[in-house]
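Observations on the three-dimensional arrangement
Listed below are the residues making up each chain.
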Amino acid sequence: YQAKLRAAHVILDPAERRAVIAEALAKAAASLQLTLKDDQALLDEVTGLVEWPVVLAGSIDPAYMKLPPEVLTTSMRAHQKYFACLDAKGELAPRFLIVSNMVAKDGGKAVVAGNERVLRARLSDARFFWEQDRKQPLSSRVPKLRERVFYKGLGTMEDKVTRLQALAVELARYIPGDHAEAVRSAAFLAKADLSTGMVGEFPELQGIMGRYYALHDGEEKAVADAIAEHYSPLGPNDRCPTAPVSVAVALADKIDSLVGFFSIGETPTGSKDPFALRRAALGVIRLILENTLRIPLAKALRQAFILIGESAEGARGREPTQELVAFFADRLKVHLREKGVRHDLIGAVFALAGEDDLVRLLARVAALGKFLGTDDGGNLLVAYRRAANIVRIEEKKDRVNYDGPADRKLLQMPEEKALAERLGSAAERAGAALEREAFDDAMAALATLRGPVDEFFDRVTVNCEDRGLRANRLRLLSEIRATLNAVADFSEIEG
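The next point concerns the packing of aromatic side chains. Counting across every chain of the model gives 11 aromatic pairs. With 5.0 Å between their ring centres and 55° between their planes, F262 and F327 make a pair best called tilted. Highlighted residues: F262 in helix α11 (residues 244–263) and F327 in helix α14 (residues 321–337), separated in sequence by 65 residues. On the basis of relative accessible area, F262 is assigned to the buried category, the value being 3%. Ring plane angle 80° and centroid distance 5.7 Å describe the contact between F456 and F457, whose orientation is recorded as edge-to-face. Take F456 and F457: they sit in the same class, and that class is buried. Put simply, the rings of F150, Y151, F261 and F275 touch in pairs and so form one group of aromatic residues. Residue placement shows R331 over the ring face of F327; its charged tip is 5.9 Å from the ring centre.

Shown next, in the form of structure tokens:
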């Protein structure tokens, strides 16, 4: 079957077809003393479009080489499925490669001529948009955004820009340096290119064209770069912005979208995520962690919700901060899974009240993982579960809450007195260490509990006949739980 198809000019195996195309493209580029611009997604797409690939080379009219390279490559790639070539300097060359689906009698001359003619028409349109768009400043296009609905219940794109400015300036306080004015300008212009002719024709160029137009208008480079980068990172392999202005606007854009859609109930379900909110959350996580930003996440989310309530049509949603914090915890687990970080340790630290500083959270997780890898840590986890289970069972049976400190005057046996004393000192040491974010020291303080806890369980009967003594010992067990839970929620830890 395969042999008969091959005789009829059909390569059946897609992997073989892809390899044939890749090799032919590389050879064709080399013959022109150029290199192929890497585009694996386009290679995959073309592999599915052709049965008998034949690579041909065409030329770009020199008159169009003054257009931004992104315009040229997008026009070739999106509409015509052409591959771009680079010169020795890594710049776009005036040549392109076509993967034809036939062996032409004239060696492909007519095919190349036809494709060059089509490309000229495409680039002629692009040049028209390029020239027309620059006739008016980018800032003059912002009012046009009120004609675009961002999403029903979340106002217009102009409303989003207003929120973006306020939130980005607020977030810039957590980024070293004084960037407030540049951040405000970048946020104001971030969506303006949506009203340009070029982006209307090539939506893939939103942000990129805004950068070119902002530079043409004389805006600061940091402002122009932020316009281009505020959509990033678009995925796990996309470069994450590091410039302060870009980071502030990118964070604000993603947080505004997350809070907005969650507030009106448009949350991801199963495999469905039409607004790419999982990707947005991962983008926020990467922006914070890769730039080591000490941002209180819950506070930023609440601020975004307030701004949405103040904008047009945005006051009807529900406050989604806690739901979003849990959503971020899930995304963080996914993000760190490949790095070998245990998801249950992330959950144990995220469960702490008020722990929403992702940089601090990861430092806690690292210290907790190291501690649990020791004998003291492993045994203390077992003891914690034993204490927590006993207290839970007895509280349910007695219908009484045993939270709170044990009465030291009622302690009788040396082992319970020693445990009470060590609990007090360990809690004090761990608390002081947590204050200065010395998480290894906090874990070391917990490690001192192992001996007294083991001695207590070996020699002390909790459920004794004396009801007062029994209740006091249960409160002592509850103190074990409370002391450890001040460092991390040990009930979330597996294994």
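On to the sheet that holds strand β1 (residues 35–36). What holds strands together in a sheet is hydrogen bonding between their backbones, with the strands either parallel or antiparallel. The antiparallel open sheet is built from four strands, whose spatial order is β1-β3-β4-β2. Each end of this open sheet is capped by a strand with a single partner; those strands are β1 and β2 (54–59). In this sheet, strand β4 (residues 92–100) lies alongside strand β3 (residues 83–86) in antiparallel orientation, the contact comprising three bridges. By the bridge assignment, A84 is partnered in β4 with F96. In this fold helix α4 (residues 69–80) packs onto β3 and β4, with an angle of close to 10° to the strand it touches most, β4.

Turning our eyes to something else, we now look at the layout of surface pockets. Looking at the largest pocket, its volume works out to about 1,300 Å³. Lining the largest pocket are 47 residues, with P203, E204, Q206, Y231 and L234 sitting closest to its centre. Secondary structure elements with two or more residues in the lining of the largest pocket: α4, β3, α6 (157–172), α9 (208–216), α10 (221–229), α11 and α12 (277–290). Partitioning the lining of the largest pocket into residue classes produces 24 nonpolar, seven polar and 16 charged.

The subject of this paragraph is α14. For α14, built from 17 residues, the straight-helix expectation of 24 Å at 1.5 Å per residue is met to within 8% by its first-to-last C-alpha distance of 24 Å. What α14 keeps buried is the set T321, L324, V325, F327, F328, A329, R331, L332, K333, H335 and L336. In the core, the buried residues of α14 are packed alongside α11, α12, α13 (297–310), α15 (343–350) and α16 (358–372).

Here we take up α15. Burial of α15 is extensive: seven of the eight residues sit out of reach of the surface. Among the residues of α15, those classed as buried are D344, L345, I346, G347, A348, V349 and F350. Buried residues along α15 sit in contact with α14 and α16.

Here the focus is the nonpolar core. Core analysis: the biggest nonpolar cluster contains 145 residues, and M198, L258, F328, L368 and F490 have the highest contact counts within it. The dominant element in this core, judged by the number of residues it contributes, is α11, at 12 residues. Apart from the residues lying within four places of it in its own chain, the contact partners of F490 are L368, F371, L372, L381, Y384, L446, L484 and N485. One finds A28, V55, F83 and A93 within the second-largest nonpolar core, a separate group that totals 15 residues.

Glancing now at the environment of R127. Structurally, R127 is set in helix α5 (residues 109–133). Along the primary structure R127 and L36 are separated by 91 residues, whereas in three dimensions their C-alpha atoms are 24 Å apart. With near-sequence residues (within four places) excluded, R127 lies in contact with A63, Y64 and L67.

Relative orientation and spacing of two packed helices are given, respectively, by the angle between their axes and the distance between those axes. Following both chains from N to C, one finds α6 and α13 inclined at 155°, their axes separated by 10 Å at the closest point. Considering their axes alone, α6 and α13 lie roughly antiparallel with respect to each other. Considering how the two elements wind past one another, α6 and α13 form a crossing that is right-handed. Packed against α6, whose contacting residues are R163, A166, L167, E170 and L171, the element α13 presents A300, Q303, A304, L307 and I308 at the interface. When the residues that make up the contact of α6 with α13 are grouped by side-chain class, the tally is seven nonpolar, one polar and two charged.

Turning our attention to unusual backbone geometry. Cis geometry marks the peptide bond from S232 to P233; its omega dihedral reads -5°. Along the chain, the position of P233 falls in the loop between α10 and α11. One non-glycine residue with positive phi stands out, namely T292, at about 50°. Mapping T292 onto the fold places it in the loop between α12 and α13.

Attention now goes to the side chain of Q165. Within the element layout of this structure, Q165 appears in helix α6. There is a polar contact of 3.3 Å between the side chain of Q165 and the backbone oxygen of R184.

Cut-offs used in this document
Residues numbered from 1 in each chain as written. Predicted model: local features only at pLDDT ≥ 70, side-chain atom pairs only at ≥ 80, totals over all residues. Heavy atoms only, no water. Phe/Tyr/Trp six-rings, centres within 6.5 Å; stacked < 30°, edge-to-face > 60°. Helix = DSSP H or I, 4+ residues; strand = E, 2+ residues; numbered from the N terminus. Buried < 20%, exposed > 50% of the residue type's maximum accessible area, 1.4 Å probe, protein only. Lys NZ or Arg CZ within 6 Å of the ring centre and 35° of its normal. Pairing = 2+ DSSP bridges. Contact = heavy atoms within 4.5 Å. Axes fitted to C-alpha atoms, helices over the stretch in contact; angles between N-to-C directions. 1 Å grid on protein atoms, 1.4 Å probe; cavity = no way out; pocket = protein on both sides within 12 Å on 5 of 7 lines; lining within 4 Å. Points joined across faces, edges and corners; volume = space filled by probe spheres on them. Nonpolar A, V, L, I, M, F, W, Y, C, P; charged D, E, K, R; others polar. Expected span 1.5 Å × (residues − 1). Core = buried A, V, L, I, M, F, W, Y, C linked by side-chain atoms within 4.5 Å. Parallel < 35°, antiparallel > 145°, perpendicular 65-115°, else oblique. Left-handed = near helix turned anticlockwise from the far one by under 90°. Polar contact = N/O pair within 3.5 Å; in protein donor to acceptor, adjacent residues only side chain to side chain.

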